[in-house]
Amino acid sequence: MKALSLIVSAFVLFTPVSAQQRQAQPKKAATVTSGFKGLGFIDYYYNAQNPSPDAKGLNAFDIRRLNLGYEHSFTKNVLVYSELEANDGELTGTSKYSVFVKQAFVELKNILPQMRMVMGLSPTPAVVTSERLWGYRMLQKLPLDYYGLAPTVDNGIALKGKIDPYGLLSYHVMVANGTGTLVESNKMKRIYASLGLTPTPGFVLEGYGDFENLGDDRYRATFKGLVGYESSSFTAALEGVYRINHQTVRRNYNESPYAVSLYGWMQADNDVRFVYRGDYYDPDQNRTSGIRMIEATIGIDYMPVNDVHIVPNLIYTSYTNKRSSGLKPDDAITLRLTAGFYFSSIR
């Protein structure tokens, strides 16, 4: 009994000392993160109707896009990222899928309070917020990218962050080549800027603009306005895009492409979503002749797991001639089964 009393007493005395020793030990440094990220878009498509006789009835299995990137964080404030993309952009009857550098940049966080600097080939302010709201790049590019009005990535230097401590106002400015993933072709640079406002959780307002001087009294300027709402059960967004192509070929004339897009998704079940998108596009508002386009995309997204999507979808494109007596292309209908996947080894 005496021996048992000594053991119990020793245990009681030792326990608080051990706890104090454990609390006094310094915390381990944060683990440096690194790993792979990737995505892929795979289709089977069938052109049920098309303005081009050669394209009507065309059908194929296609790897439309495959991206593989690697991210490494040296510290919590310094990271690098590089990414390759393979797609069917250069695909012909006898060619292979093209591979190119999609992103390659260095990011420095907290260079000033709530400010990050990114240098290299990185996402532009043009579509970062829109891509998050849309969430279905696997089905369709966003208007600025789809109609060739602004690149999604560019090679330059960017600053981005929050203006206020609550994160209501955000900004993203960039000076870059203006050539996207291509090498620089002139001495001019393109300036991008966006300003976002989140007045309440989920509600998003954003204004965007870019400018590039082309020399010889020529320039181009692009503007976008976006309003959207995102929640766990649905997302909806409306954006308008306007471009000024100032040229000297025709005096006092600016070519002005214009687009409006409504898009989003709604949760139908735990693993099923309804996806919708509608676009209106006029390649030049200032011309009294020409073809306007209206395009609708609808799909049902089945998600067996969070990052794998199987989406039967339909794209319907209708054309109108600005002159009532003018000819117009036939409408187009494409039926697709799209598989999209995303992965990341970074936890």
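Residues numbered from 1 in each chain as written. Predicted model: local features only at pLDDT ≥ 70, side-chain atom pairs only at ≥ 80, totals over all residues. Heavy atoms only, no water.

1. Quick word on the overall build of the protein
Then, in step 1: A count of helical and extended segments in the protein gives three helices and 17 strands.
Then, in step 2: Residue pairs at least 24 apart in sequence account for 53% of intrachain contacts in the protein once pairs closer than 6 positions are excluded.
Then, in step 3: Looking at the protein as shown, the accessible area adds up to about 19800 Å², and 62% of this sits on carbon and sulfur atoms. (Helix = DSSP H or I, 4+ residues; strand = E, 2+ residues; numbered from the N terminus. Contact = heavy atoms within 4.5 Å. Areas by Shrake-Rupley, 256 points an atom, 1.4 Å probe, with all protein chains shown as cover.)

2. Quick word on the pattern of salt bridges
Then, in step 1: A complete count under the given rule lists 14 salt bridges for this structure.
Then, in step 2: Of the charged contacts in the structure, one is a salt bridge between R132 and E230, with a shortest N-O distance of 2.8 Å. A residue pair is termed long-range when its members are at least 10 positions apart, and R132 in helix α2 (residues 128-134) and E230 in strand β10 (residues 218-230) qualify at 98 residues.
Then, in step 3: The partly exposed category is assigned to R132, whose relative accessible area is 46%.
Then, in step 4: What makes E230 partly exposed here is its relative accessible area of 25%.
Then, in step 5: Between D279 and R277 there is a salt bridge; the shortest N-O distance is 2.7 Å. By the burial criterion, D279 is buried, and R277 matches it.
Then, in step 6: One connected set of salt bridges, linked through shared partners, spans R65, E85 and K102. (Salt bridge = Lys/Arg side-chain N within 4 Å of Asp/Glu carboxyl O. Buried < 20%, exposed > 50% of the residue type's maximum accessible area, 1.4 Å probe, protein only.)

3. A closer look at the environment of E212
Then, in step 1: As for its position among the elements, E212 is in strand β9 (residues 203-215).
Then, in step 2: Residue classification places E212 among the buried residues on the basis of a relative accessible area of 2%.
Then, in step 3: Each C-alpha atom, one on E212 and one on N177, is 9.4 Å from the other, the two residues being 35 residues apart in sequence.
Then, in step 4: Separated by 2.9 Å, the side chains of E212 and R220 make a polar contact. (Polar contact = N/O pair within 3.5 Å; in protein donor to acceptor, adjacent residues only side chain to side chain.)

4. With respect to the pairing of strand β5 (residues 115-123)
Then, in step 1: Here strand β4 (residues 98-112) runs beside β5; their pairing, made up of seven bridges, is antiparallel. The partner of L108 across the bridge, within β5, is M117.
Then, in step 2: Counting the residues that bridge the hairpin from β4 to β5 gives two residues, and of these Q114 lies at a positive phi of roughly 65°.
Then, in step 3: The sheet contact formed by β5 and strand β6 (residues 153-162) spans nine bridges and is antiparallel. (Pairing = 2+ DSSP bridges.)

5. Topic: the pairing of β6
Then, in step 1: Taken together, the seven bridges between β6 and strand β7 (residues 169-176) define a ladder with antiparallel strand orientation. Residue pairing across strands places L159 opposite V173, the latter belonging to β7.
Then, in step 2: In sequence, β6 turns back onto β7 through a hairpin of six residues, with G167 there showing a positive phi of about 75°.

6. Thoughts on the packing of aromatic side chains
Then, in step 1: Within this structure, the stated rule accounts for 12 aromatic pairs.
Then, in step 2: Ring centres of Y258 and Y280 lie 6.4 Å apart, and the angle between their planes is 65°; this geometry places the pair in the edge-to-face category. Taken together, the residues span a long stretch of sequence, with Y258 in strand β13 (residues 258-269) and Y280 in strand β14 (residues 272-282) at a distance of 22 residues.
Then, in step 3: Ring centres of F274 and Y276 lie 6.3 Å apart, and the angle between their planes is 25°; on these two criteria the pair is classed as stacked.
Then, in step 4: Owing to a relative accessible area of 30%, F274 belongs among the partly exposed residues under this scheme.
Then, in step 5: Taken together, W134, Y136 and Y263 form an aromatic cluster joined through their ring pairs.
Then, in step 6: A cation sits over an aromatic face here: K37 above Y81, 5.7 Å from the ring centre.
Then, in step 7: In this arrangement the basic side chain of K224 is found over the ring face of Y208, its NZ or CZ atom lying 5.9 Å from the centre. (Phe/Tyr/Trp six-rings, centres within 6.5 Å; stacked < 30°, edge-to-face > 60°. Lys NZ or Arg CZ within 6 Å of the ring centre and 35° of its normal.)

7. A word on the confidence of the model for the protein
Then, in step 1: On average, residues of the protein score 88 in pLDDT, and 88% of them reach the 70 mark or higher.
Then, in step 2: Low confidence marks residues 1-29, where pLDDT is under 50. Its contacts with residues over four positions away, or in another chain, come to zero contacts.
Then, in step 3: Here residues 90-94 is modelled with pLDDT under 50, and outside its nearest four sequence neighbours on either side it reaches six contacts, counting other chains as well. (pLDDT = per-residue confidence, 0-100.)

8. Things to note about the environment of I298
Then, in step 1: Take I298: it is sitting in strand β15 (residues 291-305).
Then, in step 2: C-alpha separation for the pair I298 and V275, spaced 23 residues apart in sequence, amounts to 5.6 Å.
Then, in step 3: Other than its neighbours up to four places away in sequence, I298 contacts F274, V275, P312, N313 and L314.

9. Examining the side chain of R137
Then, in step 1: With respect to the helices, strands and loops of the structure, R137 is situated in the loop between α2 and α3 (143-146).
Then, in step 2: In this structure R137 is buried but unpaired, with D145 as the nearest side chain of opposite charge at 4.4 Å.
Then, in step 3: With residues up to four places along the chain from it excluded, the contact list for R137 reads F41, R64, R65, E131 and D145. (Lys, Arg positive; Asp, Glu negative; His and termini not counted.)

10. Comments concerning unusual backbone geometry
Then, in step 1: Phi at N110 takes a positive value of approximately 55°, unusual for a residue other than glycine.
Then, in step 2: Within the secondary structure layout, N110 lies in strand β4.
Then, in step 3: The phi torsion at D217 lies on the positive side, around 60°, for a residue other than glycine.
Then, in step 4: Relative to the elements of secondary structure, D217 occurs in the loop between β9 and β10.
Then, in step 5: The class of D217 is exposed, set by a relative accessible area of 54%.

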